[in-house]
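An overview of the molecular structure
Residues per chain are reported as follows:
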Amino acid sequence: MFFPLKKNAKSIILPVHDAEPWLDECLRSVLQQDFQGSMELSVFNDGSKDKSMTIIEKWKVKLEGSGILVVIGGHNCPSPRGVGYAKNQAIAQSSGSYLCFLDSDDVMMPQRVRLQHEAAARHPTSIIGCQVRREPPNSTERYTRWINQLAPDQLLTQVFTSHGPTVVMPTWFCSRAWFSHVGPFDEGGRGVPEDLLFFYDHLRRGGGVVRVDQSLLLYRFRPGAATQSVLESTIWTHRVCFLEERALRHWATFTIWNAGRQGRRLYRSLSEGARRKVVAFCDVDEKKIQKGFYCYEESQERPKPRVPILHFRAARPPFVICVKLAPLQGPHLGHVLVEDVISTGPEIRHLRTGTSSAVLGMALRCWLLARARGATLEKSPNYGESRSTLRPPSRDQGWS
C-alpha cells in the first residue's frame, strides 16, 4: 500500500529488540493518536529473537488501514547492534520532517504527537519532552517526581543533575533538520549513554529544552532495559567532563562545598588543570572543618596537594556545592543559600554529579554559584523553553 507523506509529516521512531511482551500495547497507542496530519511509523528490528516481528507485521496491516505508513527495517545478526544504531537506522529509513521517539515497552497517550508537534513548531531548535507516568507506579519515585516537576528554567540549569537529560529520551520530539544538525546518536552499543551524549551535543549547539506539562507517556521501568546497562562510573565521567567544559574552564578558582566523600570524589575526578583551581573545601560539619585540610594521597605531585577545609561562612564563591538529594530537600541548606550566598549576588546554576541510582537513592546535587561569570537564561512563555547563553546560541533559523 502506498502512502505519499505530506509536508511536515511526523515520523514515530521505534527501535525494537525482543519487545514481544509490550509491543501490542505500544503499537496500539500509535494507532490511537488523535493527530490529524500525516504520520508514519519507522520500526528497526535490532536482531530480535522473539516474536516481535510477527507482532509488528500484524500491526502494520492495522496501522496502514488507518492511513499510517509503516516502514520496517532490521537485521538478523546474532547480537544486537545497540540502541544508538537502531535509532539511527530507524531515522534514516523514515521521511517525516519531525521525529517522535518511542521505546517499544512504553505507551503514548492519544494527544502526544499533536501536542508535542505544536510545541516543536514554535521551537524548531529545541528538544521537546513531556511529563510521564511511571510503571510500576512506585518505581523510581524521586526520579519521576524530579523529571515531572522541574520548573521551565531548570530544564536547562539542571542539565547536570541526573542520570540523564532533564527530559527523558522516550519523550523526545524534534525537527529532523535539528536532529541532523546535532546527530547522529553514538553507536557504541550496550553501556554507552547515547541519549546523554546527544543531549550534551544539543546543548553545545545552543539547543533549547522544552517540556509539555501533560503526562503523555507511560514510561516503564525494567531492570533489564538497555538504560540499566550504563555504568554509574561512565555517567559520572561524562558529567564531570561536561561540567569542566561548560563552567569550570571559565573560572580562575572555585570552592567545593562538601568536604565529605562526594566532594572529595569530585575533586579526584577533575582534570589536573581543574584540580589546581580548587582553593578550598567548605562544610558545615565541625569535625571535617577541624581536620584543617584534605590531602590528595593518590596524586603523583610532590608535595601532595593539601586543600584547606573551611567553614562555609569563610569560603568564597564561585562554589560547586555537592550534597545528597535528601538533605538538599530539607530546610537547612535552603536557608544557608538564601541568607549567606544568594544575598551576595552570585548567579546560580544547578548541577548534580551523582550515581546512577542516585536518582533512586544516593544522587548528588551540585549547584554552581558564580559571581564573575555564569549562564543567563532566556525564557519563552510557551512551554517554558530555556536556552543557555554561556556560548552564543543558535536561534530558530540559520544553524547550518
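1. Some thoughts on the environment of Asp50
Tracing the backbone shows Asp50 in the loop between strand S2 (39-46) and helix H2 (52-65). As for Asp50 and Glu20, which are separated by 30 residues in sequence, their C-alpha atoms are 6.5 Å apart. Setting aside its immediate chain neighbours within four residues, Asp50 contacts Asp18, Ala19 and Glu20. A distance of 3.3 Å separates a polar atom in the side chain of Asp50 from the backbone nitrogen of Ala19.

2. Some details on the pairing of strand S10 (residues 278-283)
Of all six residues that make up S10, five are buried, and the element is covered over most of its length. In the sheet, strand S9 (residues 254-257) pairs with S10 via four bridges, with the strands oriented parallel. Looking at the pairing, Ile256 lines up with Phe281 of S10. Bridge analysis of S10 against strand S12 (residues 306-311) gives three bridges, and the strand direction is parallel. Paired with Cys282 across the bridge in S12 is Leu310.

3. A closer look at the environment of Trp257
With respect to the element layout, Trp257 can be found in strand S9. Classification of Trp257 as buried rests on a relative accessible area of 4%. Spatially, the C-alpha atom of Trp257 lies 8.9 Å from that of Ala315, the residues being 58 residues apart in sequence.

The rules behind each value
- Residues numbered from 1 in each chain as written.
- Predicted model: local features only at pLDDT ≥ 70, side-chain atom pairs only at ≥ 80, totals over all residues.
- Heavy atoms only, no water.
- Helix = DSSP H or I, 4+ residues; strand = E, 2+ residues; numbered from the N terminus.
- Contact = heavy atoms within 4.5 Å.
- Polar contact = N/O pair within 3.5 Å; in protein donor to acceptor, adjacent residues only side chain to side chain.
- Buried < 20%, exposed > 50% of the residue type's maximum accessible area, 1.4 Å probe, protein only.
- Pairing = 2+ DSSP bridges.

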